[in-house]
Amino acid sequence: MASGEEDGTVEEKETNNKKRTKGAIATAWLTFYNIAMTAGWLVLAVAMVRYYLQKGTHKGLYRNIARTLKFFQTFALLEVGHCAIGIVRTSVIVTGVQVCSRIFMVWFVTNSIRQNEESVILFVVVWTITEITRYSFYTFNLLNHLPYFIKWARYNMFIVMYPLGVIGELLTIHASLPYVRRSGMYSLRLPNKYNVSFDYYYFLIIVMLSYIPLFPQLYFHMLRQRRRVLHGEIVVEKDE
Amino acid sequence: TARKAVVFFEVEILDAKTKDKLCFLDKVGKILPSFSLYWYPARQSIRLDPKGKSLKDEDVLQHLPVGTTATFYFRDLGAQISWVTVFLTEYAGPLLIYLMFYFRVPFIYVPKYDFTTSKHWVVHLACMCHSFHYVKRLLETLFVHRFSHGTMPLRNIFKNCTYYWGFAAWMAYYINHPLYTPPTYGEQQIRLALTVFLFCQIGNFSIHIALRNLRPPGSKTRKIPYPTKNPFTWIFLLVSCPNYTYELGSWLGFTLMTQCLPVAAFTLVGFIQMTVWAKGKHRSYLKEFRDYPTLRSPILPFIL
């Protein structure tokens, strides 16, 4: 029937409009989020450089920026939510693993354990450079104005940054082991009424071992993305 | 006598992903043969549409919606293993592993405790319940269950065994530990827990028997399960998959009996997995049977 058809197309237009509004809200939120995160990590970078220039040493630098670092790194949990509700096209698991490993370092390793400052500085510097590049890449992408050098940085710097960051993280966890063993922190011994035990020392060792299967997977995932993004561009240029 | 007109088909089989022509058969009679020894039948998925459902072994070429030239799509399901094999392996593991911890086999606990027995009677009771549970499962696999699929992908056996065997070792370690702490509320708690456990074991068995009786031997027909004379099956009025409901109940009972956090964790993970399965089963019941009872929930009456 004629009126039935009209109702059908009106309904379709309404759902399309709803989809478009939802898409616009999502884009607006993501743009705001990525600008905020770029700014946050820039603030961290500036604070670190200022400290080093003023004090002439890296000792005490971590304690100085620890609160800001924890704030912005924890905020990144939202990214897992973005993947889960589908406004970002990345696997929830990949994002989840990356964000969780960061949160773990910042809240459960460096937060509670005084340690060798060099390895901490190493991974914090790496994280800062990586995150500024990553978030500005997302921001410019969302604004549809992506300078080539940002794209280049995002898909090339990780080749060096990723392994350096892993080295910094592993050295930091390793340096914390003696203190963890001595203090028995975060551990639960038998006997207790829940009949379970937890040894943070062995847990940290397992975490370190888990880098062996996990790091190559994440690294090759980035390499594959790099080949797809940069290789794809070359093909288009040839056609032109 | 008049000659019967025989219809011959031409059949081509394409790879579902690449659309390469794998094989072309002309003058196919009524039966479609499996066309390779490497891709043994259980591994072959033949379908009318590259992204559609597989055809069944019983489907007859003449009755399919194809013209005289039929195009089928082939997908390799990967190495297969029979369900019975998987079930026997994944259940035999926990049975034996738990007993190893119960008898305090060397290299698990401090050497002075090797081959000793726990002084708490609830530990002996727990061993009996755990062993009974897995013996029941093994016997059901051999004599009760009727499987609609013959096989599953080979990698499942590694995944499933890691899950069952890993959790069994984790909980057995603490329950049979020399420093095990018995439940806080003592005999009352253990008695209640045992009652719940036994009730749910009988319930679970009753459901398995009821489901088996729905399906005559050798057939693959599907029917709506209904309550029988056995009171333990009356739960079918409220739930689509009461076997999972009773299974959850059994493990809640065992958790209460042992007051052991790893057991609670195992119960929780199992519950999540069974809820996913129950919801899927419930959905397929609703799709297949238009007169499916509306009062039923997938796994928990009125809740889930």
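Residues numbered from 1 in each chain as written. Chains lettered and ligands numbered in written order. Predicted model: local features only at pLDDT ≥ 70, side-chain atom pairs only at ≥ 80, totals over all residues. Heavy atoms only, no water.

Novice: Let's hear about the overall build of chain B: which residues, and what values?
Specialist: In terms of helices and strands, chain B carries 6 helices and 6 strands. What you see in chain B, going N to C, is helices and strands ordered as β-β-β-β-β-α-α-β-α-α-α-α. When each of the 304 residues of chain B is scored for burial, the buried share is 42%. Look at the contacts in chain B between residues 6 or more apart in sequence, and 73% of them connect residues 24 or more apart. (Helix = DSSP H or I, 4+ residues; strand = E, 2+ residues; numbered from the N terminus. Buried < 20%, exposed > 50% of the residue type's maximum accessible area, 1.4 Å probe, protein only. Contact = heavy atoms within 4.5 Å.)

Novice: Lay out the nonpolar core with the relevant residues and their values.
Specialist: Within the largest apolar cluster, 38 residues are counted, with the highest numbers of intra-cluster contacts made by W41(A), L69(A), V124(A), W127(A) and I173(A). Those elements that place two or more of their residues in this core are α1 (2–55), α2 (61–75), α4 (92–109), α5 (117–142), α7 (158–183) and α8 (200–239) of chain A. Here the element with the most residues in this core is α5(A); it accounts for 8 residues. Once residues within four sequence positions are removed from consideration, W127(A) is found in contact with W41(A), L69(A), Q73(A), R102(A), M105(A), V106(A) and E169(A). Core analysis: the second largest hydrophobic core is formed by 34 residues, F87(B), L95(B), Y134(B) and A172(B) among them. (Core = buried A, V, L, I, M, F, W, Y, C linked by side-chain atoms within 4.5 Å.)

Novice: How would you sum up the UniProt feature "transmembrane region" (unreviewed entry) in chain A? Please name residues and give values.
Specialist: Residue and element names in this part refer to chain A. UniProt feature "transmembrane region" (unreviewed entry): in the numbering of this structure it lies at residues 32–53, 158–180 and 200–220. Taken end to end, residues 32–53 has its terminal C-alpha atoms 32 Å apart, with 100% of it in helix and 0% in strand. Secondary structure across residues 158–180 divides into 100% helix and 0% strand, with the first and last C-alpha atoms of the span separated by 31 Å. (UniProt positions renumbered as here; feature names shortened; annotations may be inferred.)

Novice: Give me a nonpolar patch on the surface: which residues, what numbers.
Specialist: Residue and element names in this part refer to chain A. Taken together, the side chains of W29, F32, F71, F75, L78, I85 and I87 present a nonpolar region at the surface, about 680 Å² in accessible area. Among the elements of the structure, α1, α2 and α3 (77–85) are those that each provide at least two residues to the nonpolar patch. Mapped onto the elements, I85 comes out in helix α3. Taking relative accessible area as the criterion, I85 reaches 65% and is therefore assigned exposed. (Patch = residues over 30% accessible without salt bridge, like charges linked within 9 Å, V, L, I, M, F, W, Y side chains within 5 Å. Areas by Shrake-Rupley, 256 points an atom, 1.4 Å probe, with all protein chains shown as cover. Salt bridge = Lys/Arg side-chain N within 4 Å of Asp/Glu carboxyl O.)

Novice: Explain the pattern of salt bridges residue by residue, including any values.
Specialist: Taken as a whole and assessed by the stated rule, the structure comprises 8 salt bridges over all chains. In this structure, E118(A) engages K59(A) in a salt bridge whose closest nitrogen and oxygen atoms are separated by 3.7 Å. Separated by 59 residues along the polypeptide, E118(A) in helix α5 and K59(A) in the loop between α1 and α2 bring together distant segments of the chain. Among the residues examined, E118(A) registers a relative accessible area of 40% and is labelled partly exposed. The partner of K136(B) in a salt bridge is E140(B), and the shortest N-O contact between them spans 3.3 Å. Linking K136(B) with E140(B), this pair stays in helix α2 (residues 121–143), spanning 4 residues, or about one helical turn.

Novice: Tell me what's going on with the packing of aromatic side chains, and back it up with residues and numbers.
Specialist: The geometry of an aromatic ring pair is captured by the separation of the ring centres together with the interplanar angle, meaning the angle of the planes. Following the criterion strictly, the structure yields 44 aromatic pairs over all chains and no others. For the ring pair F123(A) and W127(A), a centre distance of 4.8 Å and an interplane angle of 50 degrees mean the geometry is tilted. One end of the pair is F123(A) and the other is W127(A), both in helix α5 and 4 residues apart, which spans about a single turn. According to the relative accessible area criterion, W127(A) is buried, its value standing at 2%. Centre to centre, the rings of Y91(B) and Y134(B) are 6.2 Å apart; their planes meet at 50 degrees, and the pair counts as tilted. Here the residue Y91(B) occupies a position in helix α1 (residues 83–102), and Y134(B) occupies one in helix α2, the gap between them amounting to 43 residues. For Y91(B), a relative accessible area of 7% translates into the label buried. On the accessibility criterion, Y134(B) (1% relative accessible area) is buried. Chaining the aromatic ring pairs together yields one cluster made of W83(B), F87(B), Y91(B), Y134(B), Y163(B), Y164(B), F167(B), W170(B), F197(B), W251(B), F254(B) and F266(B). One Lys or Arg, R102(A), reaches over the ring of W127(A) and ends 4.4 Å from the middle of that ring. (Phe/Tyr/Trp six-rings, centres within 6.5 Å; stacked < 30°, edge-to-face > 60°. Lys NZ or Arg CZ within 6 Å of the ring centre and 35° of its normal.)

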